[in-house]
Amino acid sequence: MVDPFDDVGLAAWYRAFQEGIDAGRHCPATWKLPELTVWLRQGSRAYRWQAYAAVDGKRVVGGALVTLPLLDNLKLVMFDLAVPPVERRHGVGSALYQRVLEVARGEGRRSLLTEVVEPYQEKGPDAGIGFAEHRGFTCRSRELHRVLDLPVEPATLDRLARQAAEHHGDYRFRAWSGPCPDDLLIGYVTLCGRMMHEVPLGDLDYEPEHWDAARVRDGERWQQAQGRARWITVAVSPDGTLAGYTVLTVPGHDPEVVYQDNTLVLPEHRGHRLGVALKVANLRAVVAAHPQRRLVHTWNAEDNDPMVAVNDAMGFRPVERIGEWQRDL
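Here the residue numbering is sequential within each chain, running from 1 through the sequence in written order. Local features are withheld for residues below a pLDDT of 70 in this predicted model, meaning they are given only at 70 or higher, and side-chain atom pairs are given and counted only at 80 or more; totals for whole chains, interfaces and linings count all residues. For side-chain calculations, the full set of non-hydrogen atoms in the structure is used, while hydrogens and water are omitted.

(A) Structural detail: the overall build of the chain. Counting from the N terminus, the helices are DSSP H or I runs at least four residues long and the strands are E runs at least two residues long. Within the chain one finds 9 helices and 11 strands. For the chain, the C-alpha radius of gyration of 20 Å lies close to 20 Å, the compact-globule estimate for 329 residues. Here the C-alpha coordinates of the chain stretch approximately 65 × 40 × 35 Å along the principal axes. Per-residue accessibility, obtained with a 1.4 Å probe over protein chains only, is compared with the maximum for each type, and a residue is labelled buried under 20%, exposed over 50%, and partly exposed between these values. Expressed as a percentage of the 329 residues in the chain, the buried residues total 51%. When contacts within the chain are restricted to residue pairs at least 6 apart in sequence, those whose partners lie at least 24 apart make up 71%. Residue-level accessible areas treat just the shown protein chains as cover; the underlying method is Shrake-Rupley with a 1.4 Å probe. For the chain, the exposed area adds up to about 15400 Å²; of that, 51% sits on carbon and sulfur atoms. Distance from the positive charge centre (39 side chains) to the negative charge centre (45 side chains) of the chain: 2 Å. Based on C-alpha atoms, the radius of gyration is set beside the globule rule, defined as 2.2 Å times the residue count to the power 0.38. What makes two residues a contact is simply this: any of their non-hydrogen atoms within 4.5 Å. By the counting rule applied here, Lys and Arg register as positive and Asp and Glu as negative, while His and the ends of each chain are not counted. Charged side chains are reduced to one point each, which is NZ for Lys, CZ for Arg, CG for Asp and CD for Glu.

See the structure below:
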């Protein structure tokens, strides 16, 4: 395991990990080293992260990042393997995978989950798919990775906002950047907890997540430590409860990009174009505060038709597919 407090060793691990995970991709969205360093050094209430390096002599020839859930999904280990192209076909990926297996068994975990990137335009068999299939993984879900070029034409956002306003009536919107306002915290916790209940998960074996105020506040602290700014807009229903939310994350160590994170409208509030209204309002706020940003990344399950339709209307374009591959031990 890489010592997260060894700056030299951590940088060598990251170079190999980033080179491997970004290889052949048009729009990778790999986190920067300072952001991952916070994860590895501090952890959180909800997750523990560990980095592993494959070493040949003094050279780091591949890396793995392992995520251990701590509040829910306690049977699960999530991981990413990355080997630079020049180091492939020499058993490096197999050695890293063996280490992941040892970690899982040592922690008493019974299920493994990883992602395999596939080109959006099919070009034949993918090496990552073969690697996963050979080790007993099956693809349980697929997401589309889409990007939106900034700035978006103001007329496009105006039109979408106007069309949505005709449907959402007495719903109000609240927005913030930084910690969630105290008066919205209980409702926001509820939305976070409902997220994994409501989004399409395909055949993934993934338990509902446990959310409380402490988990929200802990996440806010380590996002701040990473240099990330989160912009959140919520829809407030006529009875004062929260009906939906959307999150954009602005990374401080990656000056041109924005990440579109969770967006959810609760089923009982759907049909009012709240998803469009939320995303347009939040994007406008971020672009006004960060006009130098040039690209928004987002990920949606391929069968999440309502959210895909919203992204299409906003101008997002697909760049790759992400397969969620899982196996039981």
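Don't stop here, the text continues.
(B) Looking closely at the side chain of His297. For His297, the location among the structural elements is in strand β10 (residues 295-301). Apart from residues lying up to four places away in sequence, His297 is in contact with Cys27, Pro28, Ala29, His145, Arg146, Val147, Val257, Val258, Tyr259 and Gln260.

(C) Just the packing of aromatic side chains, in detail. For Phe, Tyr and Trp, rings pair up if their centres lie within 6.5 Å, where Trp contributes its six-membered ring, and each pair is then called stacked (planes under 30 degrees apart), edge-to-face (over 60) or tilted (otherwise). Summed over the entire model, instances satisfying the criterion amount to 14 aromatic pairs. A ring pair is formed by Trp13 and Tyr14, whose centres lie 6.3 Å apart and whose planes are at 55 degrees; its orientation type is tilted. Overall, Trp13 belongs to the buried group, its relative accessible area being 0%. Note on Tyr14: relative accessible area 6%, which makes it buried. Ring plane angle 40 degrees and centroid distance 5.7 Å describe the contact between Tyr47 and Trp49, whose orientation is recorded as tilted. Across this residue pair, the class does not change: Tyr47 and Trp49 are buried.

(D) A look at the pairing of strand β8 (residues 242-251). With 10 of 10 residues buried, β8 is to be regarded as a mostly interior element. A pair of strands is labelled paired if DSSP reports no fewer than 2 bridges between them. Sheet analysis places strand β7 (residues 228-236) next to β8, joined by 9 bridges and oriented antiparallel. What sits directly across from Arg230, in β8, is Thr249. In this structure, the hairpin formed by β7 and β8 is closed by a connection of 5 residues, where Gly240 is found at a positive phi of approximately 95 degrees. In this sheet, strand β9 (residues 257-265) lies alongside β8 in antiparallel orientation, the contact comprising 5 bridges. Pairing of Leu248 across the sheet is with Gln260, part of β9.

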